[in-house]
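# Per-entry structural report
This is what each chain is made of:
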Amino acid sequence: MHRSLHAFRSAYKMPYRTAQIRLVSSHPEVYEPCDDSFALVDALLADRTNLLEHQPSICMEIGCGSGYIITSLVLILGQEVPGVYYIATDINPHAVKVTQETLNAHGVLAELVCMDIASGLEKRLAGKVDVMVVNPPYVPTPEDEVSRGGIATAWAGGENGRSVIDRILPVAERLLSDRGWLYMVTLTANDPKEICLLMRKKGYASRIIVQRSTEEESLQIIKFWCDSDIQDLNEATSSPRKAAASFVGSLVSQFPRIPFGKSQ
Amino acid sequence: MRLLTHNMLSSKIKGVSNGFPLRIEVEKVIEKQVELNPDFLKNIFPKVDWKALVEAGRTMGFAELPEEADLLMLDSSEFLSKFHHALLELHLEEGALVCPETGRKFPVNKGIPNMLLHEDEV
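Note that this is a predicted model, so its numbers are computed, not measured. (Residues numbered from 1 in each chain as written. Chains lettered and ligands numbered in written order. Predicted model: local features only at pLDDT ≥ 70, side-chain atom pairs only at ≥ 80, totals over all residues. Heavy atoms only, no water.)

## Re the overall build of chain A
When helices and strands are counted, chain A shows nine helices and seven strands. Buried residues in chain A amount to 53% of all 264 residues. (Helix = DSSP H or I, 4+ residues; strand = E, 2+ residues; numbered from the N terminus. Buried < 20%, exposed > 50% of the residue type's maximum accessible area, 1.4 Å probe, protein only.)

## Some words on the environment of A:Asp227
All names here are of chain A. Counting through the fold element by element, aspartate 227 comes out in the loop between β7 (218-226) and α8 (228-236). For aspartate 227 and alanine 205, which are 22 residues apart along the polypeptide, the C-alpha to C-alpha distance reads 5.8 Å. Not counting the four nearest positions on each side in its chain, aspartate 227 is found in contact with Gly203 and Ala205. (Contact = heavy atoms within 4.5 Å.)

## Let's talk about the packing of helix α2 (residues 35-46) of chain A against helix α4 (residues 68-77) of chain A
Residue and element names in this part refer to chain A. At a closest axis distance of 10 Å, the pairing of α2 and α4 adopts a crossing angle of 15 degrees. Considering their axes alone, α2 and α4 lie roughly parallel with respect to each other. Read as a crossing pair, α2 and α4 show a hand that is right-handed. Where α2 abuts α4, its residues Ser37, Phe38, Leu40, Val41, Leu44 and Leu45 lie against Tyr68, Ile69, Ser72, Leu73 and Ile76. Of the residues assigned to the contact of α2 with α4, the class counts are nine nonpolar, two polar and no charged. (Axes fitted to C-alpha atoms, helices over the stretch in contact; angles between N-to-C directions. Parallel < 35°, antiparallel > 145°, perpendicular 65-115°, else oblique. Left-handed = near helix turned anticlockwise from the far one by under 90°. Nonpolar A, V, L, I, M, F, W, Y, C, P; charged D, E, K, R; others polar.)

## Notes on the environment of A:Gln55
Residues and elements named next belong to chain A. You can see glutamine 55 is positioned in the loop between α3 (48-54) and β1 (58-62). Given a relative accessible area of 42%, glutamine 55 falls into the partly exposed group. Distance from glutamine 55 to valine 131, taken between C-alpha atoms, is 9.6 Å for residues 76 residues apart in sequence. Beyond its immediate sequence surroundings of up to four residues, glutamine 55 is in contact with Glu80, Val81 and Arg179.

## A few points about the UniProt feature "domain: Methyltransferase small" (unreviewed entry) in chain A
Listed under "domain: Methyltransferase small" (unreviewed entry) in the UniProt record, and renumbered for this structure, are residues 58-139 of chain A. Counting secondary structure, residues 58-139 of chain A comes out at 28% helix and 26% strand; the distance between its end C-alpha atoms is 29 Å. (UniProt positions renumbered as here; feature names shortened; annotations may be inferred.)

## A word on the pattern of salt bridges
All names here are of chain A. What the rule picks out here adds up to 14 salt bridges over all chains. Between arginine 179 and aspartate 130 there is a salt bridge; the shortest N-O distance is 3.5 Å. Here arginine 179, found in strand β5 (residues 176-187), pairs with aspartate 130, found in strand β4 (residues 129-134); they are 49 residues apart in sequence, far enough to count as distant. Residue class for arginine 179 comes out partly exposed when judged on its relative accessible area of 33%. For aspartate 166, the salt bridge identified is with arginine 162, shortest N-O distance 2.8 Å. Linked by salt bridges that have partners in common, Arg162, Asp166 and Glu194 make up one network. (Salt bridge = Lys/Arg side-chain N within 4 Å of Asp/Glu carboxyl O.)

## Focus on unusual backbone geometry
Note the cis peptide between B:Phe20 and B:Pro21, where omega equals -10 degrees. Relative to the elements of secondary structure, B:Pro21 occurs in the loop between α1 (3-8) and β1 (23-31). Of note, A:Gln55 is a non-glycine position whose phi angle comes to about 50 degrees, a positive value. A positive phi angle, close to 55 degrees, is found at A:Ile117, a residue other than glycine. Counting through the fold element by element, A:Ile117 comes out in the loop between β3 (111-114) and β4.

## Overview of α2(A)
Here α2(A) spans 16 Å end to end across twelve residues, near enough to the 16 Å set by a 1.5 Å rise per residue. Packing partners of the buried residues in α2(A) comprise α3, α4, β4, β5, β6 (204-213) and β7 of chain A. (Expected span 1.5 Å × (residues − 1).)

## As for the nonpolar core
Of all hydrophobic cores here, the largest spans 108 residues; its most connected members are A:Met60, A:Met132, A:Leu182, B:Phe83 and B:Leu97. Looking at which element gives the most residues to this core, the answer is α4(A), with eight residues. Once you skip the residues sitting within four places of it in the chain, A:Leu182 turns out to touch A:Met132, A:Val134, A:Leu169, A:Ala172, A:Leu176, A:Met199, A:Ile222, A:Lys223 and A:Phe224. (Core = buried A, V, L, I, M, F, W, Y, C linked by side-chain atoms within 4.5 Å.)

## A look at the interface of chain A and chain B
One widely used convention gives an interface's size as the accessible area the parts lose upon coming together. Counting residues at the interface gives 27 residues for chain A, matched by 29 residues for chain B. Here chain A and chain B share an interface that buries about 2,300 Å² over both sides, 61% of which is from carbon and sulfur atoms. For chain A, the biggest contributors to the area lost against chain B are A:Tyr85, A:Glu111 and A:Arg124; these three give 27% of the whole. One salt bridge connects A:Glu111 with B:Arg2, and the closest N-O pair in it is separated by 3.9 Å. Taken together, chain A and chain B are joined by ten residue pairs in polar contact (both at pLDDT 80 or more). (Buried area = accessible area lost by both parts, 1.4 Å probe. Polar contact = N/O pair within 3.5 Å; in protein donor to acceptor, adjacent residues only side chain to side chain.)

## Observations regarding the pairing of β1(A)
Residues and elements named next belong to chain A. Of all five residues making up β1, five are buried, and the element is well covered by its neighbours. Strand direction decides the pairing type here: β1 and strand β2 (residues 85-90), joined by five bridges, are parallel. Bridge pairing in β2 links isoleucine 62 to threonine 89. Handedness of the β1-α4-β2 crossover: right-handed. Here β1 pairs with β4 via four bridges, running parallel. The residue bridging glutamate 61 from the neighbouring strand is valine 133, located in β4. (Pairing = 2+ DSSP bridges. Right-handed = clockwise from strand over helix to strand, strands pointing away.)

## Topic: the sheet that holds β1(A)
Residues and elements named next belong to chain A. Sheet architecture is open: seven strands sit in the order β3-β2-β1-β4-β5-β7-β6, paired in mixed fashion. If you trace the sheet from one side to the other, it starts and ends with β3 and β6, each paired once. On average, each strand axis in the sheet is inclined to that of its neighbour by 15 degrees, with strand direction left out of account. Here β2 runs beside β3; their pairing, made up of four bridges, is parallel. Bridge pairing links alanine 88 to leucine 112 in β3. Those strands touched by helix α5 (residues 93-105) are β2 and β3, and its axis lies near 170 degrees from that of β3. Helix α6 (residues 165-175) rests against β1, β4, β5 and β6 of the sheet, and its axis sits at about 160 degrees to β5.

Following this line, the structure appears as structure tokens:
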């Protein structure tokens, strides 16, 4: 970045570069960037300083759709975290092609593979991913819509919108390195508190870093990270119910109230 | 598809016990130059299955990687540049990845492997 532009951005707190909507490719069978995508990218921007310090070497997106999020992640880390290996998957063959076009239009590189969640990567990529981003199909739908294919795979989440999320979580846990971070979009209907509890049992701490309400839905972006204190606590706690109760209390108190709006 | 990605992929077909490494069938290889980053290479080296990388490189027409490698070799800039080239600059643009146990082919088109399984393979 040009020095004076950098100074200008710093002085006016301008947002850093993310993918540009006009450069995002599209296809009738591929989900276009929407409020949920913007909220996830805003969360990555809000956590940018931590991400730069984190110095990830492998970053992954599960369910890349139009490519808006993985492209933004590459741009956000940019030259300040050089030599990152970016890999993204989608079950929809049209989506990985559209993501490739979106990456090309922004002049950035990421590896793409068409697969269900991370099925062909689980064995060899286990324990290696430092940053994972997921905007899962979270909309509550009848269960048979989940496996219908095409663009429905981008949103159809089955009962409580949890069918695919509950398949992704164990995969994420397997793939993340011991310093790995997961950023995931959830809807209030998905019961994010329960998701955090599930992950806590696996040794992950969590924090809602963006919360956003529209007329149709209320979204959260949750960040999960491995916490050795929680792991120790899990081993030491004889009554999981008691630990769960105290955790819900602490989670509720941490909800940051961020007003709605893309401008922040 | 870069060879780093190939090194991370395996066949998950029902009944397959290992499924790694996938054999590469080459139709078209392209090279994209990227900046060499010694820290990244040192970081990723222990995560790479060396034998699979050597074999994949050879299949893609790059036979300059030594059969064996160890951490000490990462101090050699000549070794680093070969490792970098094989791992990150060679792309399988068109071809296929073949399951070592079943022979099932996963097509690679425009650089993107399609690892989707049929219903009876899951």
